[in-house]
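Structural description and commentary
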Amino acid sequence: MRNPLPQTWNLERFFPGGSGSDAFIQFLKELQSNIAELDETLSGLAVPETAEQSASLLPMIVLVQTALLKLREAESFTSCLTAENQNDKRAVQLTGQVKSIQAAFASALTRFDDFLRRIPEPAWQGLLAQAELSEIAYPLEERRRLASEKLPPEQEALIHDLAVDGYHGWGELYNTTVSKFSIPFEENGTVTELSAGQAANKMYSPDRSVRQRVFELWEREWAKHADYCADALNHLGGFRLKLYERRGWDEIHREPLAINRMSKETLDAMWGVIEQGKDVFVRYLERKAKLLGVEKLAWHDVDAPVGNGNTTFSYDQGAQLIVEQFRRFSPKMAEFAVMAFENGWIEAEDRAGKRPGGFCTSFPISEETRIFMTYAGTASNVSTLAHELGHAYHQHVMNDLPALAQEYAMNVAETASTFAEMVVSDAAVKGAATDEERLTLLEDKIQRSVAFYMNIHARFLFETDFYEARRHGLVSIERLNELMEAAQKKAYRNTLAEYHPHFWASKMHFYLTDVPFYNFPYTFGYMFSTGLYAEALRRGAAFEDQYIALLRDTGRMTVEDLASKHLGIDLRKPDFWQQAMDVSIADVNEFLRLTE
């Protein structure tokens with residue numbers, strides 16, 4: 001690979017000029033024209049009565065998929081602009097413009113879905129029999145079914161229009177709030193203003209005094225912004241609850257489960273196994289406290305390194321490690337990673353002004369992806385980088401599929417990303433030269449298990465309890481803190497000495513408007529990928545193509561059907577989840593042995 005590798009991404013490839021791009025403005029005009037054409041087509045199109053007449057609908061479906069790809073391209077571009085520079089006001093304005101276009105497209109899709117709903121069964125079967133639609137039969141069937149569960153199309157369209165300055169507007173308030181976040185932090189005699197992303201990285205420091213100081217400042221700073229965050233969270237929750245009430249939905253998990261193409265039986269089976277398996281993770285946290293010289297871990301200690309925690313990886317070293325481990329499993333995935341590293345697909349530079357967190361976003365028309373993070377050289381950063389490359393590879397193997405077949409849910413998206421993490425972390429642990437090195441790498445791996453089984457569980461519990469409280473009116477900051485801390489205590493089995501009551505304010509995932517309950521799909525992906533990894537080890541080189549085949553199916557079946565087809569398992573039963581949990585338990589038992 002090139003040395004040194006670029007640490008800033010190339011967005012000029014898409015629309016030259018950044019937030020001042022004339023090409024992007026023209027692209028948005030074309031997208032609006034496509035949506036207007038779709039509206040006009042829907043208005044003038046008669047519902048087919050026979051199988052023979054159904055072929056007349058093909059141009060309309062082409063229009064839907066064209067607009068969908070363009071909208072994803074536009075959303076990705078503005079997401080990248082606002083993430084790389086939180087002070088780019090023109091990028092914020094473009095985001096608002098794209099949100100308006102998104103609402104117009106959502107309204108058109110509502111009419112499209114209602115049109116599908118009204119097609120008689122003989123004509124419907126004739127439509128699905130068209131060769132051009134063979135790869136999108138499932139998403140079309142899904143859209144038709146879900147349309148029957150919603151309000152009349154005129155009302156759904158009005159909701160989408162009003163959501164731009166209401167629902168989505170409250171979501172954007174988080175981005176505005178976090179852009180004002182700044183912590184003055186003194187280190188080595190120098191005071192630096194840390195952004196949210198930089199402060200979050202500091203909380204992984206091997207120096208407990210640094211973690212403790214940053215965490216205290218972090219909590220204090222989020223407390224200052226809590227009024228804005230509480231307003232946003234309350235209005236997002238209120239909007240969803242009122243919409244669900246109007247649709248006649250009384251179960252808060254109904255929409256996120258439908259979005260993730262997942263049954264409640266599968267969700268309950270997964271959480272049930274996790275609850276039963278937490279005892280060993282309590283022993284891990286207690287042992288870690290002993291190793292760190294404290295009676296009980298504080299929140300900022302949970303992800304702290306144990307052993308040779310000072311080990312850091314330059315960006316080039318981290319990239320090389322990832323590529324080497326990918327290659328052992330999949331030469332195709334390794335070559336893809338090399339391309340992403342060398343061609344400027346990754347924004348990793350550690351600088352002020354960037355949004356916290358990491359993400360991968362796709363430009364489906366250009367058939368490229370972009371990865372965002374702030375790389376500071378920790379083992380956790382290397383894991384994040386591998387994680388996001390897993391997302392990118394998932395999209396890469398689907399680029400040639402129709403747009404509707406590329407619309408895979410978050411839980412299977414997190415499968416590809418956590419699978420990539422697992423490939424890297426497990427190979428690193430097995431290849432450790434000394435027990436000390438093995439312990440450090442193993443502990444980093446276990447930290448992810450704790451995150452998915454405890455931290456994510458706390459988020460799920462909090463959000464479930466928050467919506468129940470929100471049914472009775474606005475939820476105060478004090479009550480939000482109480483709900484958050486209670487969820488953390490339950491999820492962590494009361495093993496911590498100090499919790500993070502303002503986590504609800506600091507975590508971006510609670511403010512995303514596209515996906516409610518942006519939490520349990522992470523745990524699903526982690527455990528499902530564990531099962532996939534076991535299959536990869538068992539099948540050897542033959543699994544590479546089988547893995548690609550599974551990824552390509554993620555946009556056109558339920559997760560239960562996906563697991564049945566490619567792995568021969570039933571996700572609604574605890575057996576598979578227990579096998580995945582056993583892998584994590586074995587890691588903890590090895591950690592306990594090494595630290596005896």
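Since the model is a prediction, treat every value here as computed from it, not as a measurement.

Let us now look at the pattern of salt bridges. A complete count under the given rule lists 44 salt bridges for this structure. In this structure, Arg 327 and Glu 335 form a salt bridge, with 2.6 Å as the shortest nitrogen-oxygen distance. With a relative accessible area of 36%, Arg 327 lands in the partly exposed category. Among the salt bridges present, the one from Glu 347 reaches Arg 351, with a minimum N-O distance of 2.8 Å. If you follow the salt bridges from partner to partner, you end up with Glu 135, Asp 553, Arg 556 and Lys 565 in one network.

Along the chain, Ser 79 turns up in helix α2 (residues 58-84). With a relative accessible area of 32%, Ser 79 lands in the partly exposed category. In the structure, Ser 79 is positioned 161 residues away from Arg 240 in sequence and 23 Å away in space, judged by C-alpha atoms.

The next point concerns the nonpolar core. Ranked by internal contacts, the top residues of the largest apolar core, which has 200 residues, are Phe 341 and Trp 504. Looking at this core element by element, the count peaks at 15 residues for helix α18 (residues 435-470). Not counting chain neighbours up to four residues away, the residues in contact with Trp 504 comprise Ala 226, Cys 229, Ala 230, Leu 233, Phe 462, Ile 477, Leu 480, Asn 481, Met 484, Phe 510 and Tyr 511.

This part covers the side chain of Ser 425. Checked against the element boundaries, Ser 425 lands in helix α17 (residues 410-430). Separated by 2.8 Å, the side chains of Ser 425 and Arg 448 make a polar contact. Those residues in contact with Ser 425, other than ones at most four positions away along the chain, are Lys 445 and Arg 448.

A separate point is the packing of α2 against helix α3 (residues 89-117). α3 packs onto α2 with a crossing angle of 155° between their chain directions and a minimal axis gap of 10 Å. With respect to α3, the axis of α2 lies roughly antiparallel. Our pair here, α2 against α3, has a crossing hand that is left-handed. Each of Met 60, Ile 61, Val 64, Ala 67, Leu 68, Leu 71, Ala 74, Glu 75, Thr 78, Leu 81 and Thr 82 in α2 lies in contact with α3, whose residues at this interface are Ala 91, Val 92, Leu 94, Thr 95, Val 98, Ile 101, Gln 102, Phe 105, Leu 109, Phe 112 and Phe 115.

On to the packing of aromatic side chains. Considering all chains together, one arrives at 45 aromatic pairs under this definition. With centroids separated by 6.2 Å and ring planes inclined at 5°, the aromatic side chains of Tyr 174 and Trp 222 adopt a geometry described as stacked. Taken together, the residues span a long stretch of sequence, with Tyr 174 in helix α7 (residues 167-179) and Trp 222 in helix α9 (residues 208-224) at a distance of 48 residues. With respect to burial, Tyr 174 and Trp 222 carry one shared label: buried. Among the aromatic residues, ring-to-ring pairing joins Trp 271, Trp 299, Phe 460, Phe 462, Phe 466, Tyr 467, Tyr 492, Phe 503, Phe 510, Phe 517 and Phe 520 into one connected group. Here Lys 354 stacks its cationic end above the ring of Phe 372, 4.9 Å away from the centre of that ring.

Moving on, we come to empty space enclosed by the protein. Applying the stated criterion to the full structure yields 4 cavities of 30 Å³ or more. Taken together, Phe 313, Leu 321, Ala 379, Val 382, Ser 383, Val 424, Ser 425, Ala 428, Val 429, Leu 441, Asp 444 and Arg 448 make up the lining of the largest cavity. Elements represented by at least two residues in the lining of the largest cavity include exactly α16 (379-396), α17 and α18. Among the elements that make up the lining of the largest cavity, the one with the highest residue count is α17 (4 residues). Its residues placed into classes, the lining of the largest cavity shows 8 nonpolar, 2 polar and 2 charged.

Moving on: unusual backbone geometry. Of all residues except glycine, most have a negative phi; of all peptide bonds, most are trans. A cis geometry characterises the amide bond from Asn 3 onward to Pro 4, with omega recorded as 0°. Position of Pro 4 among the secondary structure elements: in the segment before α1 (22-44).

Here strand β5 (residues 359-363) lies mainly inside the structure; 4 of its 5 residues are buried. Between β5 and the antiparallel strand that follows it, strand β6 (residues 368-372), lie 4 residues; Glu 367 among them carries a positive phi value of about 55°.

Quick look at helix α24 (residues 574-594) now. With 21 residues, α24 should reach 30 Å at 1.5 Å per residue; the first-to-last C-alpha distance of 30 Å fits that figure. Buried residues of α24: Phe 576, Trp 577, Ala 580, Met 581, Ser 584, Ile 585, Asp 587, Val 588, Glu 590, Phe 591 and Leu 592, and no others.

On to the sheet that holds strand β4 (residues 346-347), then. Overall, mixed pairing links the 3 strands, which are arranged β4-β6-β5 in an open sheet. Every other strand in the sheet has two partners, leaving β4 and β5 as the edge strands with one partner each. Bridge count between β5 and β6: 5 bridges; the pairing is antiparallel. When the sheet's bridge partners are listed, Thr 361 is paired in β6 with Arg 370.

What counts and how
Residues numbered from 1 in each chain as written. Predicted model: local features only at pLDDT ≥ 70, side-chain atom pairs only at ≥ 80, totals over all residues. Heavy atoms only, no water. Salt bridge = Lys/Arg side-chain N within 4 Å of Asp/Glu carboxyl O. Buried < 20%, exposed > 50% of the residue type's maximum accessible area, 1.4 Å probe, protein only. Helix = DSSP H or I, 4+ residues; strand = E, 2+ residues; numbered from the N terminus. Core = buried A, V, L, I, M, F, W, Y, C linked by side-chain atoms within 4.5 Å. Contact = heavy atoms within 4.5 Å. Polar contact = N/O pair within 3.5 Å; in protein donor to acceptor, adjacent residues only side chain to side chain. Axes fitted to C-alpha atoms, helices over the stretch in contact; angles between N-to-C directions. Parallel < 35°, antiparallel > 145°, perpendicular 65-115°, else oblique. Left-handed = near helix turned anticlockwise from the far one by under 90°. Phe/Tyr/Trp six-rings, centres within 6.5 Å; stacked < 30°, edge-to-face > 60°. Lys NZ or Arg CZ within 6 Å of the ring centre and 35° of its normal. 1 Å grid on protein atoms, 1.4 Å probe; cavity = no way out; pocket = protein on both sides within 12 Å on 5 of 7 lines; lining within 4 Å. Points joined across faces, edges and corners; volume = space filled by probe spheres on them. Nonpolar A, V, L, I, M, F, W, Y, C, P; charged D, E, K, R; others polar. Pairing = 2+ DSSP bridges. Expected span 1.5 Å × (residues − 1).

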